[in-house]
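Residue-level listing of the chains:
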Amino acid sequence: MKVSIIIPVYNVAPYIKRCLDSVADQTYTGEVECLLVDDCGTDDSIKIAKQWIRNYKGNIRFVIFHHPKNQGLSAARNTGIDVATGDYVYFLDSDDAITPDCIKKLTDLAVKYPDADFVLGNINNDGVGLENHHFRDEVPECVAGREKIDYALLSVTIYNAWNRLVKKSFIIRHGLFFPVGIVHEDVYWLFFLAKHTQKAAFTNEGTYYYYYNMHSIMNSKAAMVKRINSYRVIIDAFYKELRLHGSTSKYQRQFFADAFINNMELLVPFHSFIQWRSFWKQLLQMAWRTRKKATFYRILFFFCSMPPLCMLTAFKWWRWRVRSYIISKI
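Residues numbered from 1 in each chain as written. Predicted model: local features only at pLDDT ≥ 70, side-chain atom pairs only at ≥ 80, totals over all residues. Heavy atoms only, no water.

J.: Would you mind going over the overall build of the protein with me for this structure?
T.: If you tally the helices and strands in the protein, you get twelve helices and nine strands. Evaluated residue by residue, the protein yields a buried proportion of 53% over its 330 residues. Within the protein, contacts between residues at least 6 apart in sequence are counted, and of these 82% link residues at least 24 apart. Split by element, the accessible area of the protein, about 15,600 Å² in all, is 55% carbon and sulfur. (Helix = DSSP H or I, 4+ residues; strand = E, 2+ residues; numbered from the N terminus. Buried < 20%, exposed > 50% of the residue type's maximum accessible area, 1.4 Å probe, protein only. Contact = heavy atoms within 4.5 Å. Areas by Shrake-Rupley, 256 points an atom, 1.4 Å probe, with all protein chains shown as cover.)

The structure is reproduced here in structure tokens:
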């Protein structure tokens, strides 16, 4: 079984060596290629990576692919998928690391459950500077069936693309590429990954080190605008998907509700009439698309999301009520 590890690289000079060292330390004896995608950062990340590769003496094949200009994390991952030659792809962020037995544990599960579309590992929290980002509850080793899959993927496990060993054929067959031009692309991708998954395997053991990186926090005004605009794209895509199928699971609606509430939480302290106007316009479009299926709860939902009631999202009890309405009624 050949595994392609995909690492987007952008301004991670302090962390890239740690990331590559963790790949080199893998105990898996099968074929592995590590694909670094240079997304045109402004620091020495790629220079450090090239020097590290020159000094590497192991059996893993390390290759660097260069973007002509900065295109973002989504485009870098998509490039990795395009050039990957493995049976499975594994996404690893360049400021994180993996445990020495990561690929071995995940491939063992993939062999045990060959019809699983992907295998997911937990987060290892045993170390300094690591984020507390593990599974909310333990999950069975193998999960099948729509409701169980949605529960595991959209409610219990991590909302990220990394630390998953995914069949490349599954990604290509369902067009599971990352949306370019937005942030929170993992949230978008996971929703549609869950939609197409028929069976998945899990280990509750930690296989990934997710490090806290203060420089990756998006708190500038421009970054906030991009986050808000990205959630608008995500909400619209989710809503269209839920409308298309009519019958939806509780966990799909919960995932949509969380994206909706996250967007409102970002808007409340932002104090931008332009952004609020765009959000209300989107709401009106959503309401118009469902006018033939209007119910009391849908009308109430749209009413509560309009000014001035939408400003109450700053209060936890109001967020909880809006979220509950979406999950149970929308």
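J.: Just checking my understanding: could you explain unusual backbone geometry for this structure?
T.: Only a minority of non-glycine residues have a phi that is not negative, and only a minority of peptide bonds are not trans. The phi dihedral of Asn11 falls on the positive side, at around 50°, and the residue is not glycine. Structurally, Asn11 can be placed in the loop between β1 (3-9) and α1 (16-24). Its relative accessible area of 29% is what places Asn11 among the partly exposed residues.

J.: What's the story with helix α4 (residues 102-112) in this structure? I'm lost.
T.: For an α-helix the count is 3.6 residues per turn, leaving residues at separations of three or four pointing the same way. Burial in α4 covers these residues: Cys102, Ile103, Leu106, Thr107, Leu109 and Ala110. Along the long axis of α4, the arc covered by the buried residues comes to 155°, so they all point the same way. In α4, the exposed positions that point more than 90 degrees away from the buried face belong to Val111 and Lys112. Buried residues in α4 make contact with β1, β4 (88-91), β5 (97-98), β6 (118-123), β8 (164-167) and β9 (199-209). (Arc of directions from axis to C-beta.)

J.: Teacher, can you tell me more about the pairing of strand β3 (residues 61-66) here?
T.: Regular strands place their side chains on alternate faces of the sheet. Note: strand β2 (residues 32-38) against β3, six bridges, orientation parallel. Bridge assignment links Glu33 to a residue of β3, and that residue is Arg61. (Pairing = 2+ DSSP bridges.)

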